[in-house]
Amino acid sequence: MSLKDEGSRLQVVAAGATAGLISRFVIAPLDVVKIRLQLQTHSLSDPLSQHNLHGGPVYKGTLQTIRQIARHEGITGLWKGNIPAELLYICYSAVQFTTYRQTTLLLQRIAGGEGRLPQSVESFVAGGSAGALATAVTYPLDLLRTRFAAQGNDRVYTSLPRAVATIGRQEGIRGFYRGLGPGLAQIVPFMGMFFAVYETLRGPLGHLSLPFSSGDAVAGVLASIVAKSGSFPLDLVRKRIQVQGPTRGRYVHKNIPEYHGTIGTMTGIVRKEGFRGLYRGLTVSLFKAAPASAVTIWTYERALRFYIAMGEKPEHEI
(Lines give C-alpha, C1' and ligand atoms only; values in the text may rest on other atoms or scores of the structure.)
Protein backbone atom coordinates (compact mmCIF):
# COMPACT_ATOMS: atom_id res chain seq x y z
CA MET A 1 0.00 0.00 0.00
CA SER A 2 1.31 3.48 -0.84
CA LEU A 3 1.82 6.43 1.49
CA LYS A 4 -1.03 8.32 -0.15
CA ASP A 5 -3.60 5.54 0.26
CA GLU A 6 -3.39 4.92 4.02
CA GLY A 7 -5.49 6.23 6.89
CA SER A 8 -8.50 8.49 7.32
CA ARG A 9 -8.28 12.24 6.91
CA LEU A 10 -8.05 12.80 10.68
CA GLN A 11 -5.35 10.14 11.04
CA VAL A 12 -3.34 11.72 8.22
CA VAL A 13 -3.60 15.16 9.85
CA ALA A 14 -2.52 13.79 13.25
CA ALA A 15 0.38 11.82 11.78
CA GLY A 16 1.56 14.81 9.72
CA ALA A 17 1.45 17.10 12.75
CA THR A 18 3.34 14.58 14.88
CA ALA A 19 6.01 14.19 12.21
CA GLY A 20 6.43 17.95 11.87
CA LEU A 21 6.72 18.52 15.62
CA ILE A 22 9.47 15.95 16.17
CA SER A 23 11.35 16.74 12.97
CA ARG A 24 11.48 20.47 13.72
CA PHE A 25 12.97 20.05 17.19
CA VAL A 26 15.69 17.71 15.93
CA ILE A 27 16.93 19.97 13.13
CA ALA A 28 16.31 23.40 14.74
CA PRO A 29 20.02 24.26 15.25
CA LEU A 30 20.85 23.51 11.61
CA ASP A 31 17.91 25.64 10.53
CA VAL A 32 19.23 28.63 12.50
CA VAL A 33 22.69 28.15 10.99
CA LYS A 34 21.22 27.96 7.48
CA ILE A 35 19.28 31.20 7.93
CA ARG A 36 22.32 33.03 9.34
CA LEU A 37 24.45 31.92 6.36
CA GLN A 38 21.73 32.80 3.84
CA LEU A 39 21.53 36.35 5.22
CA GLN A 40 25.31 36.88 5.16
CA THR A 41 26.03 39.13 2.18
CA HIS A 42 29.74 39.87 2.49
CA SER A 43 32.49 37.82 0.86
CA LEU A 44 34.66 35.61 3.05
CA SER A 45 37.62 35.91 0.67
CA ASP A 46 37.48 39.71 0.24
CA PRO A 47 38.37 41.60 3.48
CA LEU A 48 37.21 44.88 1.93
CA SER A 49 33.64 43.62 1.84
CA GLN A 50 33.73 43.13 5.62
CA HIS A 51 34.32 46.79 6.53
CA ASN A 52 30.62 47.70 6.80
CA LEU A 53 29.41 44.90 9.06
CA HIS A 54 28.62 47.31 11.93
CA GLY A 55 29.69 44.73 14.47
CA GLY A 56 27.92 41.83 12.77
CA PRO A 57 29.55 38.37 12.76
CA VAL A 58 31.48 36.62 9.99
CA TYR A 59 30.38 33.01 9.72
CA LYS A 60 32.61 30.43 8.03
CA GLY A 61 31.02 27.03 7.65
CA THR A 62 28.48 25.06 9.64
CA LEU A 63 30.54 23.98 12.66
CA GLN A 64 32.16 27.39 13.12
CA THR A 65 28.76 29.06 12.94
CA ILE A 66 27.33 26.68 15.55
CA ARG A 67 30.27 27.36 17.88
CA GLN A 68 30.05 31.12 17.37
CA ILE A 69 26.31 31.25 18.05
CA ALA A 70 26.67 29.07 21.16
CA ARG A 71 29.61 31.15 22.44
CA HIS A 72 28.04 34.59 21.93
CA GLU A 73 24.33 33.85 22.36
CA GLY A 74 24.29 30.71 24.50
CA ILE A 75 23.21 27.21 23.56
CA THR A 76 19.59 28.36 23.43
CA GLY A 77 20.59 30.65 20.55
CA LEU A 78 20.59 27.56 18.34
CA TRP A 79 16.85 27.20 18.96
CA LYS A 80 15.90 30.82 18.24
CA GLY A 81 12.56 30.98 16.48
CA ASN A 82 11.69 27.47 17.58
CA ILE A 83 8.19 28.34 18.86
CA PRO A 84 6.89 29.79 15.57
CA ALA A 85 8.86 27.10 13.76
CA GLU A 86 7.20 24.31 15.75
CA LEU A 87 3.79 25.81 14.97
CA LEU A 88 4.88 26.15 11.35
CA TYR A 89 6.04 22.56 11.02
CA ILE A 90 2.96 21.12 12.75
CA CYS A 91 0.53 23.09 10.59
CA TYR A 92 2.61 22.74 7.44
CA SER A 93 3.03 18.97 7.72
CA ALA A 94 -0.64 18.44 8.51
CA VAL A 95 -1.80 20.54 5.52
CA GLN A 96 0.89 19.09 3.26
CA PHE A 97 0.18 15.40 3.85
CA THR A 98 -3.61 15.91 3.80
CA THR A 99 -3.50 17.88 0.53
CA TYR A 100 -1.10 15.38 -1.01
CA ARG A 101 -3.44 12.49 -0.26
CA GLN A 102 -6.62 14.29 -1.36
CA THR A 103 -5.02 15.64 -4.55
CA THR A 104 -3.79 12.16 -5.45
CA LEU A 105 -7.27 10.68 -5.00
CA LEU A 106 -8.74 13.52 -7.11
CA LEU A 107 -6.22 12.90 -9.90
CA GLN A 108 -7.05 9.21 -9.85
CA ARG A 109 -10.76 9.94 -10.16
CA ILE A 110 -10.15 12.38 -13.03
CA ALA A 111 -7.89 9.89 -14.82
CA GLY A 112 -10.41 7.09 -14.38
CA GLY A 113 -8.68 4.99 -11.79
CA GLU A 114 -5.43 4.27 -10.00
CA GLY A 115 -2.49 3.60 -12.29
CA ARG A 116 -3.86 5.52 -15.26
CA LEU A 117 -1.41 8.38 -14.73
CA PRO A 118 2.36 7.72 -14.53
CA GLN A 119 3.32 7.57 -10.86
CA SER A 120 5.97 10.28 -11.26
CA VAL A 121 3.45 12.69 -12.83
CA GLU A 122 0.82 11.93 -10.19
CA SER A 123 3.34 12.43 -7.37
CA PHE A 124 4.77 15.64 -8.88
CA VAL A 125 1.35 17.29 -9.28
CA ALA A 126 0.11 16.15 -5.86
CA GLY A 127 3.38 17.12 -4.15
CA GLY A 128 3.54 20.53 -5.79
CA SER A 129 -0.09 21.27 -4.91
CA ALA A 130 0.44 20.16 -1.32
CA GLY A 131 3.53 22.31 -0.95
CA ALA A 132 1.91 25.40 -2.44
CA LEU A 133 -1.19 25.26 -0.23
CA ALA A 134 0.79 24.46 2.92
CA THR A 135 3.20 27.34 2.20
CA ALA A 136 0.42 29.88 1.64
CA VAL A 137 -1.52 28.84 4.76
CA THR A 138 1.49 28.87 7.12
CA TYR A 139 3.59 31.65 5.57
CA PRO A 140 3.30 34.20 8.44
CA LEU A 141 4.80 31.60 10.79
CA ASP A 142 7.65 31.05 8.35
CA LEU A 143 8.40 34.78 8.28
CA LEU A 144 8.32 34.96 12.09
CA ARG A 145 10.66 31.95 12.31
CA THR A 146 13.16 33.66 9.99
CA ARG A 147 13.10 36.95 11.87
CA PHE A 148 13.60 35.33 15.28
CA ALA A 149 16.45 33.17 13.95
CA ALA A 150 18.07 36.25 12.39
CA GLN A 151 18.21 38.36 15.54
CA GLY A 152 21.28 38.32 17.75
CA ASN A 153 21.69 39.54 21.32
CA ASP A 154 20.03 42.82 20.30
CA ARG A 155 16.50 41.42 20.35
CA VAL A 156 14.26 42.93 17.71
CA TYR A 157 11.25 41.07 19.09
CA THR A 158 11.01 39.97 22.73
CA SER A 159 8.18 37.47 22.29
CA LEU A 160 5.93 35.93 19.66
CA PRO A 161 2.83 38.01 20.58
CA ARG A 162 4.97 41.18 20.62
CA ALA A 163 6.38 40.30 17.19
CA VAL A 164 2.92 39.78 15.72
CA ALA A 165 1.69 43.06 17.17
CA THR A 166 4.78 45.01 16.02
CA ILE A 167 4.75 43.68 12.46
CA GLY A 168 1.02 44.26 12.19
CA ARG A 169 1.35 47.84 13.44
CA GLN A 170 4.46 48.81 11.44
CA GLU A 171 4.02 46.81 8.23
CA GLY A 172 0.37 45.81 8.07
CA ILE A 173 -0.99 42.47 6.91
CA ARG A 174 1.29 42.53 3.85
CA GLY A 175 4.28 42.51 6.19
CA PHE A 176 3.49 38.92 7.17
CA TYR A 177 3.68 37.84 3.53
CA ARG A 178 6.99 39.37 2.45
CA GLY A 179 8.66 36.87 0.11
CA LEU A 180 5.56 34.75 -0.52
CA GLY A 181 6.16 34.95 -4.29
CA PRO A 182 9.57 33.24 -4.29
CA GLY A 183 8.29 30.96 -1.52
CA LEU A 184 5.55 29.60 -3.77
CA ALA A 185 7.85 29.56 -6.79
CA GLN A 186 10.34 27.49 -4.78
CA ILE A 187 8.03 25.11 -2.98
CA VAL A 188 6.09 23.85 -6.01
CA PRO A 189 9.10 22.36 -7.84
CA PHE A 190 10.69 21.35 -4.51
CA MET A 191 7.72 19.35 -3.25
CA GLY A 192 6.93 18.06 -6.71
CA MET A 193 10.46 16.73 -7.13
CA PHE A 194 10.54 15.46 -3.56
CA PHE A 195 7.41 13.34 -3.77
CA ALA A 196 8.15 12.17 -7.32
CA VAL A 197 11.63 10.95 -6.34
CA TYR A 198 10.41 9.58 -3.00
CA GLU A 199 7.58 7.51 -4.45
CA THR A 200 9.91 6.26 -7.21
CA LEU A 201 12.60 5.13 -4.74
CA ARG A 202 10.28 3.95 -1.98
CA GLY A 203 9.44 0.71 -3.79
CA PRO A 204 12.96 -0.57 -4.53
CA LEU A 205 14.42 0.76 -1.25
CA GLY A 206 11.49 0.02 1.05
CA HIS A 207 12.65 -3.53 1.86
CA LEU A 208 16.03 -2.38 3.18
CA SER A 209 16.62 -2.93 6.89
CA LEU A 210 19.35 -0.65 8.23
CA PRO A 211 20.74 -0.34 11.81
CA PHE A 212 19.50 3.21 12.47
CA SER A 213 17.20 3.79 9.55
CA SER A 214 14.93 2.18 6.99
CA GLY A 215 14.55 2.09 3.25
CA ASP A 216 11.76 4.67 3.51
CA ALA A 217 14.07 7.05 5.36
CA VAL A 218 16.83 6.59 2.76
CA ALA A 219 14.36 7.34 -0.01
CA GLY A 220 13.27 10.48 1.87
CA VAL A 221 16.88 11.66 2.24
CA LEU A 222 17.72 11.18 -1.44
CA ALA A 223 14.49 12.82 -2.56
CA SER A 224 15.13 15.82 -0.33
CA ILE A 225 18.71 16.30 -1.57
CA VAL A 226 17.60 16.32 -5.22
CA ALA A 227 14.68 18.67 -4.60
CA LYS A 228 16.58 21.06 -2.31
CA SER A 229 19.53 21.48 -4.68
CA GLY A 230 17.25 22.34 -7.58
CA SER A 231 15.20 24.98 -5.79
CA PHE A 232 17.66 26.50 -3.30
CA PRO A 233 18.22 29.96 -4.90
CA LEU A 234 14.54 30.83 -4.49
CA ASP A 235 14.69 29.77 -0.85
CA LEU A 236 17.60 32.15 -0.27
CA VAL A 237 15.76 34.98 -2.05
CA ARG A 238 12.74 34.36 0.18
CA LYS A 239 14.87 34.67 3.33
CA ARG A 240 16.44 37.94 2.18
CA ILE A 241 13.02 39.43 1.45
CA GLN A 242 11.53 38.21 4.74
CA VAL A 243 13.84 40.45 6.79
CA GLN A 244 13.10 43.58 4.76
CA GLY A 245 11.15 46.40 6.34
CA PRO A 246 11.77 48.85 9.20
CA THR A 247 13.78 46.34 11.27
CA ARG A 248 16.18 45.33 8.46
CA GLY A 249 19.25 46.94 10.06
CA ARG A 250 18.72 45.44 13.53
CA TYR A 251 19.33 41.75 12.87
CA VAL A 252 22.63 39.96 13.52
CA HIS A 253 23.69 40.86 9.96
CA LYS A 254 23.22 44.62 9.96
CA ASN A 255 24.34 45.19 6.36
CA ILE A 256 21.53 43.35 4.52
CA PRO A 257 20.77 45.38 1.36
CA GLU A 258 17.31 46.65 0.51
CA TYR A 259 15.64 44.40 -2.04
CA HIS A 260 12.53 44.84 -4.19
CA GLY A 261 10.80 41.84 -5.73
CA THR A 262 11.98 38.35 -6.58
CA ILE A 263 13.77 39.20 -9.83
CA GLY A 264 15.30 42.37 -8.38
CA THR A 265 16.57 40.47 -5.35
CA MET A 266 18.08 37.71 -7.44
CA THR A 267 19.70 40.21 -9.81
CA GLY A 268 21.12 42.23 -6.91
CA ILE A 269 22.61 39.14 -5.26
CA VAL A 270 24.26 37.97 -8.49
CA ARG A 271 25.64 41.45 -9.20
CA LYS A 272 27.14 41.92 -5.74
CA GLU A 273 27.97 38.36 -4.65
CA GLY A 274 28.12 36.40 -7.91
CA PHE A 275 26.14 33.25 -8.69
CA ARG A 276 27.69 31.57 -5.65
CA GLY A 277 25.77 34.07 -3.55
CA LEU A 278 22.53 32.32 -4.52
CA TYR A 279 23.79 29.14 -2.86
CA ARG A 280 24.94 30.48 0.52
CA GLY A 281 24.03 27.92 3.14
CA LEU A 282 23.37 25.11 0.63
CA THR A 283 25.75 22.70 2.36
CA VAL A 284 24.10 23.02 5.77
CA SER A 285 20.71 23.03 4.05
CA LEU A 286 21.47 19.62 2.55
CA PHE A 287 22.75 18.38 5.91
CA LYS A 288 19.52 19.70 7.42
CA ALA A 289 17.30 18.33 4.69
CA ALA A 290 18.58 14.79 5.07
CA PRO A 291 17.75 14.25 8.77
CA ALA A 292 14.63 16.44 8.54
CA SER A 293 13.12 14.44 5.68
CA ALA A 294 14.22 11.13 7.13
CA VAL A 295 12.76 11.93 10.57
CA THR A 296 9.58 13.39 9.02
CA ILE A 297 8.86 10.41 6.77
CA TRP A 298 9.95 7.83 9.35
CA THR A 299 7.84 9.43 12.08
CA TYR A 300 4.87 10.08 9.79
CA GLU A 301 4.53 6.50 8.63
CA ARG A 302 4.89 5.04 12.12
CA ALA A 303 2.57 7.64 13.66
CA LEU A 304 0.02 6.93 10.94
CA ARG A 305 0.17 3.19 11.60
CA PHE A 306 -0.21 3.91 15.34
CA TYR A 307 -3.28 6.10 14.80
CA ILE A 308 -4.78 3.55 12.40
CA ALA A 309 -4.24 0.79 14.95
CA MET A 310 -5.83 2.97 17.66
CA GLY A 311 -8.83 3.53 15.40
CA GLU A 312 -9.26 -0.19 14.84
CA LYS A 313 -9.42 -1.03 18.56
CA PRO A 314 -12.82 -1.65 20.12
CA GLU A 315 -13.98 1.24 22.33
CA HIS A 316 -13.64 -0.76 25.57
CA GLU A 317 -9.92 -1.39 24.77
CA ILE A 318 -9.03 2.27 24.20
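Residues numbered from 1 in each chain as written. Predicted model: local features only at pLDDT ≥ 70, side-chain atom pairs only at ≥ 80, totals over all residues. Heavy atoms only, no water.

Visitor: Can you help me understand the UniProt feature "repeat: Solcar" (unreviewed entry) in the protein in this one?
Guide: This chain's UniProt record puts "repeat: Solcar" (unreviewed entry) on residues 7-106, 118-204 and 211-306. With 84% helix and 0% strand, the stretch residues 118-204 has end C-alpha atoms that lie 17 Å from each other. (UniProt positions renumbered as here; feature names shortened; annotations may be inferred. Helix = DSSP H or I, 4+ residues; strand = E, 2+ residues; numbered from the N terminus.)

Visitor: Can you walk me through empty space enclosed by the protein in this structure?
Guide: A probe matching the size of a water molecule, rolled over the atoms, marks out where space remains unfilled. Following the criterion strictly, the structure yields 1 cavity of 30 Å³ or more and no others. Roughly 630 Å³ of internal volume is contained in the largest cavity. Taken together, 32 residues line the largest cavity, and the ones lying closest to its centre are Tyr-89, Tyr-92, Ile-187, Phe-190 and Met-191. When residues of the lining of the largest cavity are traced back to their parent elements, those giving at least two are helix H1 (9-38), helix H3 (82-111), helix H4 (119-150), helix H6 (180-205), helix H7 (215-242) and helix H9 (282-312). Sorting elements by how many residues they give to the lining of the largest cavity places H6 first, with 7 residues. (1 Å grid on protein atoms, 1.4 Å probe; cavity = no way out; pocket = protein on both sides within 12 Å on 5 of 7 lines; lining within 4 Å. Points joined across faces, edges and corners; volume = space filled by probe spheres on them.)

Visitor: What should I look at first to understand the packing of aromatic side chains in this one?
Guide: Geometry of an aromatic ring pair is reported as the spacing of the ring centres plus the angle between the planes. Taken as a whole, this structure holds 8 aromatic pairs when the rule is applied. Consider the rings of Phe-232 and Tyr-279, whose centres lie 6.3 Å apart with planes at 15 degrees: the pair is stacked. Here Phe-232, found in helix H7, pairs with Tyr-279, found in the loop between helix H8 (262-273) and H9; they are 47 residues apart in sequence, far enough to count as distant. Using a relative accessible area of 0% as the deciding quantity, one classes Phe-232 as buried. Judged by relative accessible area, which is 38%, Tyr-279 ranks as partly exposed. Judged by centre distance (5.5 Å) and plane angle (65 degrees), the rings of Phe-306 and Tyr-307 are edge-to-face. Taking the relative accessible area as the measure of exposure, Phe-306 reaches 48% and is therefore partly exposed. An aromatic cluster is defined as three or more aromatic residues linked by ring pairs; in this entry it consists of Phe-190, Phe-194 and Tyr-198. A cation over an aromatic ring shows up here: Lys-228 above the ring of Phe-190, its NZ or CZ 5.0 Å from the ring centre. (Phe/Tyr/Trp six-rings, centres within 6.5 Å; stacked < 30°, edge-to-face > 60°. Buried < 20%, exposed > 50% of the residue type's maximum accessible area, 1.4 Å probe, protein only. Lys NZ or Arg CZ within 6 Å of the ring centre and 35° of its normal.)

Visitor: Quick question: what am I supposed to make of the packing of H1 against H4 here?
Guide: Any two packed helices are characterised by the angle at which their axes cross and by the distance between the axes. Where H1 meets H4, the closest approach of the two axes is 9 Å, and the angle between their N-to-C directions is 70 degrees. With respect to H4, the axis of H1 lies roughly perpendicular. In this structure, the crossing between H1 and H4 has a hand that is right-handed. In this structure, H1 contributes Arg-24, Asp-31, Val-32, Ile-35 and Arg-36 to the contact, and H4 contributes Arg-145, Thr-146, Ala-149 and Ala-150. (Axes fitted to C-alpha atoms, helices over the stretch in contact; angles between N-to-C directions. Parallel < 35°, antiparallel > 145°, perpendicular 65-115°, else oblique. Left-handed = near helix turned anticlockwise from the far one by under 90°. Contact = heavy atoms within 4.5 Å.)

Visitor: Help me understand the side chain of Glu-301, please; the structure alone is not making it clear to me.
Guide: When you line up the elements, Glu-301 lands in helix H9. One polar contact links Glu-301 to Arg-202, side chain to side chain, over a distance of 3.1 Å. (Polar contact = N/O pair within 3.5 Å; in protein donor to acceptor, adjacent residues only side chain to side chain.)

Visitor: How should the environment of Gln-40 be read in this particular structure?
Guide: Within the fold, Gln-40 resides in the loop between H1 and helix H2 (62-73). Take Gln-40: its relative accessible area is 2%, and that puts it in the buried class. Counting along the chain gives 129 residues from Gln-40 to Arg-169, while the straight-line C-alpha distance between them is 28 Å. Apart from residues lying up to four places away in sequence, Gln-40 is in contact with Pro-57, Val-58, Tyr-59, Arg-240, His-253, Glu-273 and Arg-280. Only 3.4 Å separates the side chain of Gln-40 from the side chain of His-42, close enough to count as a polar contact. Only 2.8 Å separates the side chain of Gln-40 from the backbone nitrogen of Tyr-59, close enough to count as a polar contact.

Visitor: I tried to follow the layout of surface pockets on my own but got confused; where do I start?
Guide: As a volume, the largest pocket reaches approximately 480 Å³. Elements supplying a minimum of two residues to the lining of the largest pocket: H8 and H9. For the lining of the largest pocket, the element with the highest residue contribution is H9, accounting for 3 residues. When its residues are assigned to classes, the lining of the largest pocket shows 6 nonpolar, 13 polar and 4 charged. Looking at the second largest pocket, its volume works out to about 200 Å³. (Nonpolar A, V, L, I, M, F, W, Y, C, P; charged D, E, K, R; others polar.)

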